[in-house]
Amino acid sequence: MKRSSRWRLALIALFAGPEAAAITAAVQQAFDARRRAEDRLRSFVADASHELRTPLATMHGWIDLYVQGGLRDPDELDHAMERMQAEVGRMRLLVDELALLAHLDGARPLDCWPVDVAALAGEVVDDARVVSADRAITLEGVAEAVVDGDGTRIQQVLRNLVGNAVQHTPPGTPVTVTVTAEDGEVVIAVRDEGDGIAPEHLPHVFERFYRADPSRSRDGGGSSGLGLAIVEAIVTAHGGQAGVTSVPGQGTTVRVTFPATARPARPDRPAGPARPAPRDPAR
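Residues numbered from 1 in each chain as written. Predicted model: local features only at pLDDT ≥ 70, side-chain atom pairs only at ≥ 80, totals over all residues. Heavy atoms only, no water.

(A) The arrangement of the packing of helix α5 (residues 151-167) against helix α6 (residues 227-237) in detail. Relative to each other, α5 and α6 sit at 150°, their axes nearing to 9 Å. Comparing their axes, α6 and α5 come out roughly antiparallel. The handedness of the crossing between α5 and α6 comes out as left-handed. Residue-level inspection shows Arg153, Gln156, Val157, Asn160, Leu161 and Asn164 of α5 in contact with α6, the latter providing Gly227, Leu228, Ile230, Val231, Ile234 and Val235. (Axes fitted to C-alpha atoms, helices over the stretch in contact; angles between N-to-C directions. Helix = DSSP H or I, 4+ residues; strand = E, 2+ residues; numbered from the N terminus. Parallel < 35°, antiparallel > 145°, perpendicular 65-115°, else oblique. Left-handed = near helix turned anticlockwise from the far one by under 90°. Contact = heavy atoms within 4.5 Å.)

Put into structure tokens, the structure is as follows:
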């Protein structure tokens, strides 16, 4: 809002009655909210452009090298194609994640139905154990926890949380997924025993493109910086909350909550295989 408009609103509030002053304050808040939204949009577009520029620059470099005749050896050409394929994959993942965030920001309705979060967690943990066989990934808590939600999106929350814990901790670091039902809520907690997060980074971990360690985003196969932002957006769209606690040197726990429902999961829309109880890999 222009400065002159702010002064005009301030003068109206000063000389008008209580009702007009309340209206003026509401208008002021609306203008401020709009300005914050515009600032956030500009920042988001700038960050997205920066993230897309990196793989594009890498691909351009390999193509330019080929055009200049620097990839005459078939093995070198194969390597260049592999690197460009990897960069295309990074761009595709980033675009898909940006599209999901835009969908959630638009407050479009989710495909909600009764879903068993405990079963979804079991599927995610089973997959993670196969991919990361070097570490103990344990599922604990209740055998069933039903919520009204979008099963695909909730499973994405679980995959992002477990994947984040695996990616940002040393090999062999244990990860524990706990599903509980308490006080009308279903709570998912993913805890790792890694190095933890420094206190100055904790308030920002759910921000889009924020990385406590920027080097993880580069050629080491790091994340896009959107994983936890997507987690928070999906959880918020379900009426839940997301939070994180961490102690340097002792590990990090991310907790998300969903409003619980007393209805059973629909048999025609199964939420994962039936499980008598969570399994412990040590048994």
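After that view of the structure, there is still more to cover.
(B) Up close: α5. Compared with an ideal rise of 1.5 Å per residue, which puts 17 residues at 24 Å, α5 spans 24 Å between its outermost C-alpha atoms and is within 8% of the ideal. Where α5 begins, the capping side chain belongs to Asp150, and its oxygen is found 3.1 Å from the backbone nitrogen of Thr152. (Expected span 1.5 Å × (residues − 1). Polar contact = N/O pair within 3.5 Å; in protein donor to acceptor, adjacent residues only side chain to side chain.)

(C) Local environment of the environment of Leu94. Structurally, Leu94 can be placed in helix α3 (residues 74-105). Among the residues examined, Leu94 registers a relative accessible area of 5% and is labelled buried. For Leu94 and Gly225, which are 131 residues apart along the polypeptide, the C-alpha to C-alpha distance reads 9.4 Å. (Buried < 20%, exposed > 50% of the residue type's maximum accessible area, 1.4 Å probe, protein only.)

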